[in-house]
Amino acid sequence: MPRPIEALIHHDALVHNLAQARSRALGARVWAVVKANAYGHGIERVYEALRGADGFALLDLAEASALRQLGWRGPVLLLEGCFEPRDLELCSRLNLWHTVHQDAQIDWLGRHKTQQPHRVFLKLNSGMNRLGFAPCAFRAAWTRLNALPQVDEISLMTHFSDADGAGGVAAQLATFERATEGLSGERCLANSAAVLRHAQAAAADWVRPGIMVYGSAPDHPQHTAAHWGVRPTMTLRAQVIALQQLAPGDTVGYGNTFSAAQPMRIGVVACGYADGYPRHAGSGTPVLVDGMRTRTVGRVSMDMITVDLTALPQAGLGSEVTLWGQGPQGTVLPIDEVAASAQTVAYELMCALAPRVPVRIA
Ligand SMILES: *Cc1c(COP(=O)(O)O)cnc(C)c1O
């Protein structure tokens, strides 16, 4: 028998979450963001479920090729644009739309030979200070692009730094309005948090939801995935492969970090950090055993974690353990809760699912 661990990708949940994004997008067209191999789900595994999107946004050229190979003929947007002039050849060949966020990319376009002019998304740095033209340089970039025979339509894009937090989007929106005033072109602003929390403000021609499509709340713990009406799209589950009985004072795992205060029954689970379970998830991280909620005890090791079965006498060898996602009988363990216990975000857990874990579409 193979080691009892697997990940499930939930087709219906992806379809549902995409529909949620669309219903909140106020008529905007929806980019399904599938960067990082669809947030660790696998582009080829989410493709059927997300075909209802108006386009796919990502940043790796190999992933863009994979989408074309899967048969997608609709829009594909490279969120970071080209990394070198040669990339433009692939854009021409595969009809990829690409972000232009710095002058070098305009230089490359100006020297590129193409039959088919390119659709580009010109990016404004409205305060994130990662990618994009400064507001004072934006108009000049637009004018330069607009003069190039290699360029077809120019769309206008920016990215919010705190749509999920207290800062909100107002200041960046005002910067965007000012910098783009009078420029023609479709607008594309909102990530998941903006779609969910600031839809009226960030209303535009396109939205770019990622994490909500994968069933996580971008503003957890202020809101939960259930609050936003999205469902887990990835389940990580394993089984109990051994049992231990602890006497008071006994410890569990490396570093003896957990010590039993009373007699305890412990289940050893076939999942560790080499599977993508976060090593920083401390004692007390929630897990489901046969759909019932309990907690981890002690440190996460490479191949195992240990969980408290004291209050679950019916659980034993072979019991199903849900590390995150959908458990038996409609139970759910939100990935956001596990991420919070490990001082990280669901994005990171999804992306870190290890290659050694077998994955099935469910
Ligand atoms: C990743 C990304 C998104 C999606 O963000 P979520 O928080 O996952 O919704 C949108 N736009 C850009 C430019 C991105 O890089």
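Residues numbered from 1 in each chain as written. Predicted model: local features only at pLDDT ≥ 70, side-chain atom pairs only at ≥ 80, totals over all residues. Heavy atoms only, no water.

K.L.:
I'm lost on the overall build of the protein in this one. Help?
P.N.:
Broken down by element type, the protein carries 11 helices and 19 strands. By its C-alpha atoms, the protein is 75 × 40 × 35 Å across when sized along the principal axes. Here the protein holds 362 residues, and 54% of them are scored as buried. Put simply, of all contacts in the protein between residues at least 6 apart along the chain, 64% involve residues at least 24 apart. Averaging the coordinates of the 31 positive side-chain charges in the protein and doing the same for the 31 negative ones gives two points 1 Å apart. (Helix = DSSP H or I, 4+ residues; strand = E, 2+ residues; numbered from the N terminus. Buried < 20%, exposed > 50% of the residue type's maximum accessible area, 1.4 Å probe, protein only. Contact = heavy atoms within 4.5 Å. Lys, Arg positive; Asp, Glu negative; His and termini not counted. Charge placed at Lys NZ, Arg CZ, Asp CG, Glu CD.)

K.L.:
Hey, could you run me through the pattern of salt bridges in this one?
P.N.:
Side chains bearing opposite charge may pair, as long as their charged atoms lie close to each other. Counting across every chain of the model gives 18 salt bridges. Taking the shortest distance from any N to any O, the salt bridge between Arg-22 and Asp-54 comes out at 2.9 Å. Of this pair, Arg-22 sits in helix H1 (residues 11-24) while Asp-54 sits in the loop between helix H3 (43-50) and strand S3 (55-58), placing them 32 residues apart in sequence. Assessed through its relative accessible area of 23%, Asp-54 is described here as partly exposed. Arg-356 is the partner of Asp-275 in a salt bridge, and the nearest nitrogen-oxygen pair spans 2.6 Å. Within this pair, whereas Asp-275 is found in the loop between strand S13 (264-269) and strand S14 (286-289), its partner Arg-356 is found in the loop between helix H11 (346-351) and strand S19 (359-361), the two being separated by 81 residues in sequence. Classification of Arg-356 as partly exposed rests on a relative accessible area of 41%. In this structure, a network of salt bridges that share partners links the residues Arg-3, Asp-275, Asp-303 and Arg-356. (Salt bridge = Lys/Arg side-chain N within 4 Å of Asp/Glu carboxyl O.)

K.L.:
Teacher, can you tell me more about the nonpolar core here?
P.N.:
Grouped burial of nonpolar side chains is what soluble globular proteins tend to show. Of all hydrophobic cores here, the largest spans 112 residues; its most connected members are Val-34, Leu-50, Leu-145, Tyr-277 and Leu-323. The dominant element in this core, judged by the number of residues it contributes, is H3, at five residues. Ignoring any residue separated from it by four or fewer positions in sequence, one finds Val-34 in contact with Ile-43, Val-46, Leu-50, Phe-56, Ala-57, Leu-58, Glu-63, Leu-67 and Tyr-214. Leu-246, Val-252, Ala-260 and Val-297 belong to the second largest nonpolar core, which has seven residues in total. (Core = buried A, V, L, I, M, F, W, Y, C linked by side-chain atoms within 4.5 Å.)

K.L.:
In this structure, what is going on with helix H5 (residues 87-94)? I would like to understand it.
P.N.:
Note on helix geometry: an α-helix contains 3.6 residues per turn, so any two residues three or four positions apart are oriented the same way. Residues Asp-87, Leu-88, Leu-90, Cys-91 and Leu-94 constitute the buried set of H5. Looking straight down H5, one finds its buried side chains confined to an arc of 155°; they lie on one side. Against the buried residues of H5 lie helix H4 (61-69), strand S4 (76-78), strand S5 (97-100), helix H6 (103-111) and strand S6 (118-123). (Arc of directions from axis to C-beta.)

K.L.:
Explain the site of the ligand to me, please; I cannot follow it from the model alone.
P.N.:
If you check the shell around the ligand, you find 13 residues, and the closest are Lys-35, Tyr-39, Ser-192, Ile-211 and Tyr-347. Within the backbone of Gly-210, a nitrogen or oxygen atom sits 2.8 Å from an oxygen atom of the ligand. At a separation of 2.6 Å, an oxygen atom of the ligand approaches a polar side-chain atom of Tyr-347. Expressed as a share of its isolated accessible area of 390 Å², the protein-covered part of the ligand is 93%. Grouping the constituent residues of the shell around the ligand by class yields six nonpolar, four polar and three charged. (Near = heavy atom within 4 Å. Polar contact = N/O pair within 3.5 Å; in protein donor to acceptor, adjacent residues only side chain to side chain. Areas by Shrake-Rupley, 256 points an atom, 1.4 Å probe, with all protein chains shown as cover. Nonpolar A, V, L, I, M, F, W, Y, C, P; charged D, E, K, R; others polar.)

K.L.:
What is the right way to look at the domain arrangement of the protein in this model?
P.N.:
By a frequent convention, interface size equals the accessible area lost on bringing the separate parts together. Under the domain assignment, the protein is made up of domain 1 (11-216) and domain 2 (234-361). For domain 1 versus domain 2, the separation of C-alpha centres amounts to 37 Å. Residue-level contacts link 10 residues of domain 1 with 11 residues of domain 2. In total, domain 1 and domain 2 occlude about 920 Å² of area from one another, counting both sides; carbon and sulfur atoms represent 69% of this. Seen at the junction of domain 1 and domain 2, the total is zero salt bridges. At the surface where domain 1 touches domain 2, the tally comes to one residue pair in polar contact (both at pLDDT 80 or more). (Domains from an automatic or database assignment. Buried area = accessible area lost by both parts, 1.4 Å probe.)

K.L.:
What is the right way to read the packing of H1 against H3 from this model?
P.N.:
The description of two helices packed together rests on the angle between their axes and the distance between the axes. For the pair H1 and H3, the least separation of the axes is 8 Å and the interaxial angle reads 55°. Between H1 and H3, the crossing angle belongs to the class labelled oblique. Two packed elements cross with a definite hand, and for H1 against H3 that hand is right-handed. Taken together, the residues of H3 that come into contact with H1 (itself represented by His-11, Leu-14, Val-15 and Leu-18) are Val-46, Glu-48, Ala-49 and Leu-50. For the contact of H1 with H3, the residue count by class is six nonpolar, one polar and one charged. (Axes fitted to C-alpha atoms, helices over the stretch in contact; angles between N-to-C directions. Parallel < 35°, antiparallel > 145°, perpendicular 65-115°, else oblique. Left-handed = near helix turned anticlockwise from the far one by under 90°.)

K.L.:
Honestly, the packing of H4 against H5 in this entry has me stumped. Any pointers?
P.N.:
Running from N to C, H4 and H5 point in directions that differ by 15°, and their axes come no closer than 11 Å. Relative to H5, H4 is oriented roughly parallel. In this structure, H4 crosses over H5, and the sense of that crossing is left-handed. Contacts between H4 and H5 involve Leu-61, Ser-65 and Arg-68 from the former and Asp-87, Leu-90 and Leu-94 from the latter. For the contact of H4 with H5, a count of residues per class yields three nonpolar, one polar and two charged.

K.L.:
Can you help me understand the environment of Ala-270 in this one?
P.N.:
One can find Ala-270 in the loop between S13 and S14. With 51 residues separating them along the chain, Ala-270 and Val-321 place their C-alpha atoms 9.0 Å apart. With residues near it in sequence (within four places) discarded, Ala-270 still touches Arg-3, Pro-4, Ile-5, Ala-238, Gln-239, Ile-241, Asp-275 and Asp-303.

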